[in-house]
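Chain and residue survey
Residue strings, one per chain:
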Amino acid sequence: ADCRYTCHQECRSLIQLDCRRPGPWQGQLSPESTLLPPRSQNVTQTVEEEKPEPPTVQEIKQKIEKYNAKVTNCLLMKLNDDGTYTGFIKVHLKLRRPVTVPAGIRPPSIYDALKEVNLAEMTDKRTSFYLPLDAIKQLHISSTTTVSEVIQGLLKKFMVVDNPQKFALFKEMRKDGQVLFQKLPLTEYPLYLRLLAGPDTDVLSFVLKENETGEVEWDAFSIPELQNFLMILDKEEKDKIQQVHRKYERFKQRLQQTLKEARGKPG
């Protein structure tokens, strides 16, 4: 609030600020106006101290009743006798890279699902294709289902055999006319987030995307996949170079034309 420092939400726990130092936009701040106490304090400690206690069964029951009262379809949450609860979440698939699936395998049937038959293990042949951008998949999960299990469940439903580490689940929020994405840790519980936000997907929705480049476990990729990445990067680099060449070539032609027209004119 004082020094106007900006950082990613996920980076907050890594930041230590001393707002007593004046920036180019502010004067000397008094100790009372600093963001942190006089002795530097790690933001992580503050967050941990403010972390709320897990809700009781009675609180969960009240939240579920409030949630179900807002539901306009039959996708209600249900509280179990042991204190856990089940419900539905919708996940938008926004994958821009192709996924790997078994080649020549029919779509799974209800019989396969009941018998837990994994058709992907019945063939070694693989092929790649692009999933429809922004496809939506509805999942029935439990309050104990983690983000990691949601990712694995989605890949299984679409018969994707890629390593789950290549993907990440994000929560999408809308605030002040902006769309914000936050990557969820693998141990988070999506259904609890859904319960807190309510059934309105405009308030909160879940998105499956590729893992961020800086956090990709490259060991999870095969040699042909890594070679394809290099080919794509090489092509993008050449396209970018050609765009720059064309831009300055047009600028050069306009400059030469202007000089030609200005010849013989005074000044």
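- Under an unreviewed UniProt entry, the name given to the chain is Ras association domain-containing protein 5, and the organism recorded is Phainopepla nitens.

1. With respect to the overall build of the chain
- Looking only at helices and strands, one finds six helices and eight strands in the chain.
- Taken from N to C terminus, the helices and strands of the chain fall in the order α-α-β-β-β-α-β-β-α-β-β-α-β-α.
- Residues counted as buried form 28% of the 267 residues belonging to the chain.
- In the chain, 67% of the contacts between residues at least 6 apart in sequence involve partners at least 24 apart.
- Carbon together with sulfur atoms contributes 53% to the accessible area of the chain, which is approximately 19500 Å² in total.

2. Concerning the pattern of salt bridges
- Enumeration according to the criterion identifies five salt bridges in this entry.
- One salt bridge in this structure joins K94 and E172, with 3.6 Å as the shortest N-O distance. Linking K94 in the loop between β2 (85–93) and β3 (99–102) with E172 in strand β6 (residues 167–175), this pair joins segments that are 78 residues apart in sequence.
- Given a relative accessible area of 25%, K94 falls into the partly exposed group.
- Among the residues examined, E172 registers a relative accessible area of 5% and is labelled buried.
- Here K238 and D234 are joined by a salt bridge, their closest N and O atoms 3.4 Å apart. Remark: D234 and K238 occur in helix α6 (residues 223–262); sequence separation between them is four residues, near one turn of the helix.

3. Focus: the packing of aromatic side chains
- For the coordinates displayed, the defined rule picks out zero aromatic pairs.
- The ring centre of F158 lies 5.9 Å from the NZ or CZ of K137, which sits over that ring.
- The ring of F181 carries the charged tip of K209 above its face, separated from the ring centre by 4.5 Å.

4. Comments concerning the pairing of strand β7 (residues 178–183)
- Inspection of the sheet shows β6 paired to β7 by six bridges, in the antiparallel sense. Across the sheet, the residue bridging to F170 is K183, located in β7.
- The turn linking β6 back onto β7 is made up of two residues, and D176 within it adopts a positive phi angle of 55°.

5. What to know about the environment of T144
- Positionally, T144 belongs in the loop between β5 (135–142) and α4 (147–157).
- On the basis of relative accessibility, which here comes to 48%, the residue T144 falls in the partly exposed class.
- A C-alpha to C-alpha distance of 8.3 Å links T144 and L191, two positions 47 residues apart in sequence.
- If we ignore the near neighbours within four places in the chain, the residues touching T144 are T84, E149 and Y189.

6. Observations concerning helix α5 (residues 190–197)
- Turning to α5, its buried residues are P190, L191, L193, R194 and L195.
- Looking at the packing, one finds that the buried side of α5 touches α2 (57–70), β2, β5, α4, β6 and β8 (204–210).
- Once α5 finishes, G198 follows within two positions and takes phi at roughly 90°, a positive value.

7. Let's talk about the nonpolar core
- By size, the foremost hydrophobic cluster in this structure holds 30 residues, and its most contacted members are I89, V91, F167, L169, F206 and L208.
- Mapped onto this core, the elements with two or more residues apiece are α2, β2, β3, β5, α4, β6, α5 and β8.
- Broken down by element, this core gets its largest block of residues, five residues, from α4.
- The residues contacting F206, other than those within four sequence positions of it, are I89, K90, V91, H92, L169, F170, L184, P190, L193 and R194.

8. Side note on the side chain of E172
- Reaching out from E172, the side chain makes a polar contact with the side chain of R174 at a distance of 3.1 Å.
- The contact partners of E172, leaving out residues within four places of it in the chain, are K94, V179, L180, F181, V203, L204, S205 and V207.

9. A closer look at a nonpolar patch on the surface
- There is a patch of nonpolar side chains on the surface, built from V244, Y248, F251, L255 and L259 and spanning about 510 Å² of accessible area.
- Of note, L255 is situated in helix α6.
- The class for L255 is partly exposed, based on a relative accessible area of 45%.

Basis of the calculations
Residues numbered from 1 in each chain as written. Predicted model: local features only at pLDDT ≥ 70, side-chain atom pairs only at ≥ 80, totals over all residues. Heavy atoms only, no water. Helix = DSSP H or I, 4+ residues; strand = E, 2+ residues; numbered from the N terminus. Buried < 20%, exposed > 50% of the residue type's maximum accessible area, 1.4 Å probe, protein only. Contact = heavy atoms within 4.5 Å. Areas by Shrake-Rupley, 256 points an atom, 1.4 Å probe, with all protein chains shown as cover. Salt bridge = Lys/Arg side-chain N within 4 Å of Asp/Glu carboxyl O. Phe/Tyr/Trp six-rings, centres within 6.5 Å; stacked < 30°, edge-to-face > 60°. Lys NZ or Arg CZ within 6 Å of the ring centre and 35° of its normal. Pairing = 2+ DSSP bridges. Core = buried A, V, L, I, M, F, W, Y, C linked by side-chain atoms within 4.5 Å. Polar contact = N/O pair within 3.5 Å; in protein donor to acceptor, adjacent residues only side chain to side chain. Patch = residues over 30% accessible without salt bridge, like charges linked within 9 Å, V, L, I, M, F, W, Y side chains within 5 Å.

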